[in-house]
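Each chain, letter by letter, is given below.
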Amino acid sequence: MKLTNGNTAIVLGALKAGCRLFAGYPITPASSILEEISATKIKVMQMEDEIASINCAIGASLAGVKSMTATSGPGFSLMQEAIGYSNMIEVPLVIVDVQRVGPATGMPTKPSQGDIMQSRFGSHGDYCPLVFYPNSVEELYKYTIKAFNNAEIGEMPVVLLSDAFLANLYETVNLDDNIEIKKRKLKPLGKAARHITGLAHQRNSPKPQSPKEYRSFIDRIFKKTYVTAKENNDYEFSGKKNSDTLIVSYGCVSRFLSDLKNKYAFFRPIRIWPFLKKELGLIAKNYKKVVVVEMNNGQYRHEVERVIRKRLFFFRVLGGEIDIKKIEKNIEKLKCKTTSLYSN
Amino acid sequence: MQDYLTLLKLKKLPTTWCPGCGNGLVVKALAQAMHELKMNKHNTVIVSGIGCNGRSAGYFNLESIHTLHGRAIPVAEGIKTANPKLNVIVLSGDGDLLAIGGNHLLHASRRKTNITVICVNNRIYGMTGGQASPTTPLNAKTASTPFGNEFPEIDVQPVVLANNNLYARSTVYHFDHLKQVIKKALLDKEFSFVEVMSNCYQGYGKKAGYMHPYEIIMDFKKNYNMSRSHKKELKKNEIGFVKK
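Keep in mind that what you see is a predicted model, and the values were worked out from it rather than measured. In this convention, every chain numbers its residues from 1, walking through the sequence in written order. To read the labels, note that chains go from A and ligands from 1, taken in the order they are written. Only residues with pLDDT of at least 70 are given local features in this predicted model, and only at 80 or more are side-chain atom pairs given and counted; all residues enter the totals for whole chains, interfaces and linings.

## Structural notes on the overall build of chain A
Then comes step 1: Each helix corresponds to a stretch of at least 4 residues labelled H or I by DSSP, and each strand to a stretch of at least 2 residues labelled E; elements are numbered beginning at the N terminus. For chain A, the helix and strand inventory stands at 12 helices and 17 strands.
Then comes step 2: By the compact-globule yardstick of 20 Å for 344 residues, chain A fits well, its C-alpha radius of gyration being 20 Å.
Then comes step 3: Taken along the three principal axes of its C-alpha coordinates, chain A extends 65 × 50 × 40 Å.
Then comes step 4: Within chain A, buried positions represent 52% of all 344 residues. As defined in this context, the radius of gyration uses C-alpha atoms, and a globule is described by 2.2 Å times the residue total to the power 0.38. Residues are called buried when their C-beta atom has 20 or more other C-beta atoms within 10 Å, exposed when it has 12 or fewer, and partly exposed otherwise; all C-beta atoms are positioned from the backbone.

Below is the structure:
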C-alpha cells in the first residue's frame, strides 16, 4: 500500500509495465508525471514540444522499447497527427492525457472532460482508438499497466485519460504484484528490411493508389481494436430496484456523484472508446429516465443518446466546479419530458 | 564495385522521381558511403520525412521509416536513444527539415544526438508542385511566388555550427566529394548535418529559365568551389565540411 497522487500512480504503473522511455514536454497538470518519472530508471527525453515528444516515443517504440508520453489538452491536440500515424504503422504506444479546461489555454489548473471526443476523432482519417478513463488513483495505476498491455496485444496506441482533479488527488494504492505484463511481440528495428510508412500500405509496400487494399487495411485495424477491446469491457454498474433513473457519468464526475448511488442506478464506463454499446443498451432498457452528467458542454451524451435510442436528461459541469446539491435537486425534479435539460 | 547495390531495393526501380532529378544521385552516394563503412540492415536505420526526398528511404534495403511531414528528426532521436547501437540516418528534403521540422533540427543540434541528417536541398517544394520553400532564393519565381520570392533564403550553417556540430555541404555534381562528406558525417560521433545542393528541374529549374536538368547540374560545377579549411565557416559558394 502506498499513499500517492494520480500522476505518481501513472508513473508507478509505467514502471511496473516495463516502460523504458518517456518523452514529454511540461504542461499543467501533467508536468508532475515528467518530474516524477525523471527520478526513476526510465529514460526521459524532454523534447521541444508535444509533437516531438510523441514522435520520439514512436521512434523508441519502433526500436523495441515500451514507451509513453503524457500531456494535457493543448498538447494532446498537437499530438493528434502522430496518433493517426501510430495507428497507420501499428506501433504500441501509451498516451496519457490529463485533461484541463479548454479550448486553447483555458483554465490550466481546473479539471475538465473536454477531450472525450478529441480522443475518439482527433486525428484525420478513420481509425478506432482504445481509450480508458479511470476514476481513482488505484485505478490509474492499474489502467496504466492495462494500457501498456493492450498496446502490446493490439500493436496500437492506447490513450489513458485522467484529469486535473485525479492528478492531484491523494489516495492509497495497492501495488498489486499479480498483474501479468505482456512482452513485446513486434520485432525491433535492425532485424529485417521493412519499410514502415504512413502512406496506405500493404506488407510494408506503399500503396497510395489502391482503394481495395486501403479498405482491407481499414477493416483490419478496426477489427483489431474491437478484438482487443472485447477483453476489456470495463464498466461499473450498481442497480437500484426501486428507482426509475439511471445516472451515466465517468471520470472525476462519477466520484462526486457517488453519494447518489444510494438513490439511483449508476453506470460508469471505464473503457470510454470503443463505446460500451451492448452493455449500456441492455442496462438502459430497464430505466425510464437516463441522466448523463459530464464535465463538458455535451460530448459523451450524444453517443449515449444514439445507443439508448431515446432522449435523455443532461447536466453539464463547466469551469471545473461542481454543485452536487443543485444536480441532486434537479434529478429529483425530473419529469419524463422529451427535451434535454441544462443546469449550472 | 557494384556491391553497394545490395543496400538498395532494386526491385522497386525505376524510382518515382522525374527524369533528371538529383535525388537518385544522393541515394547512390549514400549507399556507396554506407557500403564502404560496412553499414548494413543489422546496424543501420534510415528515417525520412515527407516530400520527394522522403520517398528515398523506401529504396534502401534497410529498416526504413517514412515518418510524418517534418518529424523525421524526433523519430530518429527516439530510435537512437532507445537503441544506441544502431546508426541512424535522416534523409529528407529542405522543406521537411528546415520549414516544418525546423524546430526539431534546432533542438537535435543542441542535444547533440548522434544522428546524421542529410538534407537534400532542391530549393523548392517539389512534390506539391513547386511552391517556394525556405531555401528558395530571393526574387525567385515559383508556383506560390509568381511576382518573385519576397524573403531571403535560410542559412542553416550557423544553426548547426552554433553547437559545434559537423556541418558539410556538397552538390550532386561533385559526386565523389559528396560521398566523402557523407562518410565524414556518418563517422562523426555527434550530431552531423550534410546539406546537399540538388536540382529540381520540373518544379524550380523550368521557371528559373533552365532548358535542361543538365544545365542546373553544370551550374553547380561553375558556382561551387572546394573549401580547403575545416575550421572556418563555409562561404556561400563553397563546398566542404566544418567541424570547429
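## Quick word on unusual backbone geometry
Then comes step 1: In this chain, A:Thr28 is followed by A:Pro29 through a cis amide linkage whose omega measures 0 degrees.
Then comes step 2: The residue A:Pro29 is located in the loop between strand S2 (21-24) and helix H2 (31-38) in this model.
Then comes step 3: The omega torsion across A:Trp273 and A:Pro274 is -10 degrees, close enough to zero to call that bond cis.
Then comes step 4: One non-glycine residue, B:Arg123, lies in positive phi territory at about 65 degrees.
Then comes step 5: Following the sequence through the fold, B:Arg123 ends up in the loop between strand S4 (116-121) and helix H5 (157-161).

## Thoughts on the nonpolar core
Then comes step 1: Each nonpolar core comprises buried Ala, Val, Leu, Ile, Met, Phe, Trp, Tyr and Cys residues, the members being joined through C-beta atoms within 7 Å. If you look at the biggest cluster of nonpolar residues, it comprises 173 residues, and the most contacted ones within it are B:Ile79 and B:Ile118.
Then comes step 2: Where each domain starts and ends follows an automatic or database-derived domain assignment. Both domains that meet at this core, namely domain 1 (2-230) and domain 2 (235-333) of chain A, each give it at least three residues.

## What to know about the sheet that holds strand S13 (residues 245-248) of chain A
Residue and element names in this part refer to chain A.
Then comes step 1: Each pair of strands is called paired provided DSSP finds at least two bridges between the two strands. Here five strands make up an open sheet; going across it, the order is S12-S14-S13-S16-S17 and the pairing mixed. Strands at the two margins of the open sheet, each flanked by one partner only, are strand S12 (235-238) and strand S17 (313-316). Taking each pair of neighbouring strands and ignoring which way they run, the sheet shows an average axis angle of 15 degrees.
Then comes step 2: Two strands pair when backbone bridges link them, and strand S16 (residues 289-294) and S17 are joined in this way by four bridges, in the parallel orientation. Counted as the bridge partner of Val291 is Phe313 from S17. Angles run from 0 to 180 degrees between N-to-C directions of axes, and those axes are lines fitted to C-alpha atoms, restricted for helices to the stretch in contact.

## Topic: the domain arrangement of chain A
Residue and element names in this part refer to chain A.
Then comes step 1: Annotation of chain A at the domain level lists domain 1 (2-230) and domain 2 (235-333).
Then comes step 2: Relative to domain 2, the C-alpha centre of domain 1 lies at a distance of 27 Å.
Then comes step 3: Facing 26 residues of domain 1, the contacting portion of domain 2 comprises 19 residues.
Then comes step 4: Sorting the residues of the side of domain 1 that touches domain 2 by element identifies helix H5 (116-121), strand S6 (130-132), strand S7 (157-163), helix H7 (164-167) and helix H8 (211-230) as the ones contributing at least two each.
Then comes step 5: Just so you know the grouping, Ala, Val, Leu, Ile, Met, Phe, Trp, Tyr, Cys and Pro go in nonpolar, Asp, Glu, Lys and Arg go in charged, and all remaining residues, Gly too, go in polar. Of the residues assigned to the side of domain 1 that touches domain 2, the class counts are 17 nonpolar, six polar and three charged. For every residue pair, C-beta atoms are placed from the backbone, and the pair is scored as a contact if these atoms sit within 7 Å.

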